[in-house]
Amino acid sequence: MTVTVAHVGELHPGETKKFVFQCNGLELEGFVLNWAGQHHAYVNRCRHVPMSLDWVENQFFTEDGRFVQCATHGAYYLPDTGECVAGPPCGRRLHRIPLRVEGDRILGDCPASLPDD
Ligand code: FES
């Protein structure tokens, strides 16, 4: 199901926003981030243990803004690919939510792969 994840210009670099959407009858939480002016969105679920990445509500980036961090065991993910580069789920990727822009809205579609863990 397509969902509006943000409006164009809503998120500045380094900002994130959470949203809820449905795919194949599953209700999922996602988050969209602006990283260096590019938007990317992922399912808010770590690839180590299926837990939300943010302990503090909507805090996904590391302090230096270079990585998305899982608050539980500290895994680091690349913001632009979702690939884990440090921590227990190393080598795995966050489930990407494909984005497209329509008018002033940034829309998200169901991920190609849904969380199975
Ligand atoms: S649950 Fe995310 S690193 Fe363990």
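In what follows, the accompanying structure is described. All of these numbers come straight from a predicted model, not from anything done at the bench. (Residues numbered from 1 in each chain as written. Predicted model: local features only at pLDDT ≥ 70, side-chain atom pairs only at ≥ 80, totals over all residues. Heavy atoms only, no water.)

What to know about the pattern of salt bridges
Side-chain pairing between opposite charges can occur once the charged atoms of the two side chains come close. Put simply, the rule is: By definition here, a salt bridge exists when the distance from a side-chain nitrogen of Lys or Arg to a carboxyl oxygen of Asp or Glu is within 4 Å. Secondary structure counts use DSSP, requiring at least four H or I residues in a row for a helix and at least two E residues in a row for a strand, with both numbered from the N terminus. For the exposure calls, accessible area comes from a 1.4 Å probe over protein chains only, and a residue counts as buried if that area is under 20% of its type's maximum, exposed if over 50%, partly exposed in between.
Applying the stated criterion to the full structure yields seven salt bridges. Lys18 is the salt-bridge partner of Glu57, the closest N and O atoms lying 3.1 Å from each other. Of the two residues, Glu57 is situated in the loop between strand 4 (38-43) and strand 5 (68-69) and Lys18 in strand 2 (residues 16-23); the sequence distance between them amounts to 39 residues. Residue Glu102 pairs with Arg100 through a salt bridge whose shortest N-O separation is 2.9 Å. Taking relative accessible area as the criterion, Glu102 reaches 41% and is therefore assigned partly exposed. Here Arg100 falls in the partly exposed class, since its relative accessible area comes to 34%. Each of Lys18, Glu29, Asp54 and Glu57 takes part in salt bridges that share partners, so that together they form one network.

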